Amino acid sequence: MVRPSLLEGPGADMAPRYGREQKCNCRVERVMTTTTATQLPADWRDFFALTKPRVMSLVVFTGLCGMIAAPGHIHPVLGFTAILCIAMGAGGAAALNQWWEADLDAGMKRTAGRPLPQGRMDRTSARDFGVGLSAASVLLMGLAIGWLAGVILAVSIFYYSVVYTIWLKPRTPQNIVIGGGAGAFPPLIGWVAVTGDITLMPVLLFAIIFFWTPPHFWALALFVKSDYAKVGIPMMPVVAGEASTRKQILAYSVLLLPLSASPWFIGGTGAVYGIAALALSALFLALSVPVAFRRKAGDEDSMKPEKRLFAYSVFYLFALFAALVADRLLSVQGII
Amino acid sequence: MNMTPEEQAEFTRRRKGRNFVVAGLLLAFVVLFFFITIVRIGGAQ
């Protein structure tokens, strides 16, 4: 695996044009192809794709929900700015993730179509775009909203792009467990943008996403296992095996049931959220059971239970945070 | 760098597209900073 640091120097910019780097020490060949290839600038749509817009939509949604659920008021202009900063930070971190993993992405079917492995953009542009977007998001958050929110945003970007992408992901099958914290920051940031301090409620929202991430991602990893194995990423199904992964999915789903309802238990939300959380988490658990006690039937196994759990896990998070917002709005209106 | 006419046209199209997007973003940020300043000076939170 060739890391970006090894691709610096003449020809580095053009290296991604040829997809995954080969271990051939073919420096001369690379430089020659650099000079002969036409250096077209990347299209703006490729920069947009670099921000992982689909992931960003979930990040923006949970950040917005954290903001709405927080006690207090924020001016709409500042609220919009805070959400914009969260989106920019997520986009910057995603760009840095793709800059670092361009060679790995090229080896996986799910990610091979991204701008860097496709050669539609040079690696340096992706890195600079990621750093610029991340720095701008933190500065804007700090100046316009507050430095506590700005610092948490900076920590979340560092957590995703360095702690998860560079450090944990290639080293340990627990990468998703610890790295899941990166995706758990948005509601915390949204909450802090309104209140200016950290209390138990936003920490619980953080914990919910933290414990939701492993079963969500491992369900995906079960049916794209061969891809991860091919590029040497030690995802749980690759290292610990399918049986262990399936049991752990169930364990996290069991934990998620009381945890998701804990904001209700501590009096931070009303019954609308509490009942919705229990119902949604019970269904999550019910869908995890067939995944946990199932054996893959063979190569032609369509992995339907795993795909169903993955799809539901995305819906689960949207629905859970939508219930949080509904509960808060109904409470503010005096309906409950 | 030698480019064919097709490559030159594509180069120009992409550069123009990027310039328009950057201009639009800069303009949007100017407007956003204006409103942030008004809100912050007004003491709203």
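Along each chain, numbering runs from 1 in the same order as the chain's sequence is written. Here every chain gets a letter starting at A, and every ligand a number starting at 1, in the order they are written. Totals for whole chains, interfaces and linings use every residue, but because this is a predicted model, local features are given only for residues with pLDDT of at least 70 and side-chain atom pairs only at 80 or more, for both listing and counting. Just so you know, side-chain values use all the structure's heavy atoms and leave hydrogens and water out.

Examining the overall build of chain A
- What counts as a helix is a DSSP run of H or I of at least four residues, what counts as a strand is a run of E of at least two, and both are numbered from the N terminus. Secondary structure assignment for chain A yields 15 helices and zero strands.
- Taking contacts inside chain A between residues at least 6 apart in sequence as the whole, the part at least 24 apart equals 70%.
- We get accessible surface area from the Shrake-Rupley algorithm with a probe of 1.4 Å; when it comes to residues, only the shown protein chains can shield them. When the accessible surface of chain A is totalled, it reaches about 14100 Å², and 67% of it is carbon and sulfur. For this analysis, residues touch if any pair of their heavy atoms sits within 4.5 Å.

Describing the overall build of chain B
- A count of helices and strands for chain B gives one helix and zero strands.
- A buried classification covers 13% of the 45 residues belonging to chain B.
- As displayed, chain B offers around 3600 Å² of accessible surface, 69% of which is attributable to carbon and sulfur atoms. Any residue under 20% of the maximum accessible area for its type is buried, any over 50% is exposed, and the rest in between are partly exposed; the area is computed with a 1.4 Å probe on protein chains only.

Things to note about a nonpolar patch on the surface
- Nonpolar side chains (Val, Leu, Ile, Met, Phe, Trp, Tyr) are joined into patches within 5 Å and like charges within 9 Å, using only residues with over 30% relative accessible area and no salt bridge. What makes a salt bridge here is a side-chain nitrogen of Lys or Arg within 4 Å of a carboxyl oxygen of Asp or Glu, nothing more. On the surface, a nonpolar cluster with roughly 600 Å² of combined accessible area is contributed by L148(A), I198(A), L200(A), V203(A), F265(A), I266(A) and L278(A).
- Assignment of secondary structure puts I198(A) in the loop between α9 (181-195) and α10 (200-223).

Quick notes on the packing of helix α4 (residues 76-100) of chain A against helix α1 (residues 5-41) of chain B
- Angles shown run from 0 to 180 degrees and are taken between the N-to-C directions of axes, each axis being a line fitted to C-alpha atoms and, for helices, limited to the stretch in contact. Contact geometry of α4(A) with α1(B) gives a least axis separation of 10 Å together with a crossing angle of 135°. The angle between α4(A) and α1(B) falls in the class oblique. Every pair of crossing elements has a handedness; the one defined by α4(A) and α1(B) is left-handed. Residues V77(A), L78(A), F80(A), T81(A), L84(A) and M88(A) of α4(A) lie in contact with α1(B), whose contacting residues are F29(B), L32(B), F35(B), I36(B), V39(B) and R40(B). In these notes the angle categories are as follows: under 35 degrees is roughly parallel, over 145 is roughly antiparallel, 65 to 115 is roughly perpendicular, and the rest is oblique. What makes a crossing left-handed is the near helix being turned counterclockwise from the far one by less than a right angle; a clockwise turn instead makes it right-handed.

A look at the pattern of salt bridges
- Here the structure, examined in full by the defined rule, presents twelve salt bridges over all chains.
- We note a salt bridge from D103(A) to R123(A), for which the minimum N-O separation is 3.7 Å. With D103(A) in helix α5 (residues 102-106) and R123(A) in helix α6 (residues 123-145), this residue pair connects regions lying 20 residues apart in the sequence. No difference in accessibility class separates D103(A) from R123(A), as the two residues are buried.
- Between R14(B) and E10(B) there is a salt bridge, with the nearest N and O atoms lying 2.8 Å from each other. Taken together, the residues span about one helical turn, with R14(B) and E10(B) both in helix α1 at a distance of four residues.

Things to note about the side chain of S281(A)
- Residue placement: S281(A) occurs in helix α14 (residues 271-292).
- Throughout this description, a polar contact denotes any pair of N or O atoms lying within 3.5 Å of each other; where both atoms belong to protein, one of them has to be capable of donating a hydrogen while the other can accept it, and for residues adjacent in sequence the pair is counted only when both atoms sit in side chains. In terms of polar contacts, S281(A) uses its side chain to reach the side chain of S260(A), at 2.7 Å.

Some points on the packing of aromatic side chains
All names here are of chain A.
- Pairing of aromatic side chains here covers Phe, Tyr and the six-membered ring of Trp, requires ring centres within 6.5 Å, and sorts the geometry by plane angle: under 30 degrees stacked, over 60 edge-to-face, intermediate tilted. This model, assessed by the stated rule, comprises 18 aromatic pairs over all chains.
- Ring geometry for F61 and F318: centres 4.7 Å apart, planes at 45°, overall tilted. Of the two residues, F61 is situated in helix α3 (residues 53-69) and F318 in helix α15 (residues 304-332); the sequence distance between them amounts to 257 residues.
- Since its relative accessible area comes to 23%, F61 is described here as partly exposed.

Brief notes about α9(A)
Residue and element names in this part refer to chain A.
- Between the first and last residue of a helix there are one fewer steps than residues, each counted as 1.5 Å, and that sum is the expected span. Here α9 contains 15 residues, and its C-alpha end-to-end distance of 21 Å stays within 8% of the 21 Å for a straight helix at 1.5 Å per residue.
- Largest kink in α9: about 25°, centred on P187.
- Most of α9 sits inside the fold, with 13 of its 15 residues counted as buried.
- Phi turns positive, to about 80°, at G196, one or two residues after α9. Throughout, bend refers to the angle between the axes fitted to the seven residues that end at a position and the seven residues that start at it.

Concerning the environment of M56(A)
Residues and elements named next belong to chain A.
- Looking at the element boundaries, M56 is found in helix α3.
- The buried category is assigned to M56, whose relative accessible area is 17%.
- Among residues more than four places away in sequence, those in contact with M56 are T51, A87, A90 and G91.

Section: the nonpolar core
Residue and element names in this part refer to chain A.
- Residues belong to one nonpolar core when they are buried, are Ala, Val, Leu, Ile, Met, Phe, Trp, Tyr or Cys, and are joined through side-chain atoms within 4.5 Å. If you look at the biggest cluster of nonpolar residues, it comprises 83 residues, and the most contacted ones within it are M141, I189, W212, Y228, Y316, L320 and F321.
- Where a domain begins and ends is set by an automatic assignment or by a domain database. Two domains each donate at least three residues to this core, and these are domain 1 (1-198) and domain 2 (199-336).
- Setting aside anything within four residues of it in sequence, one finds W212 in contact with L58, L256, F284, S313, V314, Y316 and L317.
- In terms of nonpolar packing, the next biggest core, distinct from the first, is built from eleven residues, L50, A95, L96 and W99 among them.

A few points about the packing of α14(A) against α15(A)
All names here are of chain A.
- Close contact between α14 and α15 brings their axes to 9 Å; oriented N to C, the two are set at 175°. Regarding the angle of α14 to α15, the classification is roughly antiparallel.
- We call Asp, Glu, Lys and Arg charged. Ala, Val, Leu, Ile, Met, Phe, Trp, Tyr, Cys and Pro are nonpolar, and the rest, Gly among them, are polar. A per-class count over the contact of α14 with α15 returns 20 nonpolar, three polar and three charged.

Quick look at the interface of chain B and chain A
- Contacts between chain B and chain A engage 20 residues on the former and 23 residues on the latter.
- By definition, the buried area sums, over both parts, the 1.4 Å-probe accessible area that each loses when the two are put together. Of the roughly 1800 Å² buried at the junction of chain B and chain A (both faces included), carbon and sulfur atoms supply 70%.
- In this structure, the connection of chain B to chain A is made through one salt bridge.
- The shortest N-O distance in the salt bridge between D43(A) and R13(B) comes to 3.3 Å.
- Where chain B packs against chain A, one counts four residue pairs in polar contact (both at pLDDT 80 or more).

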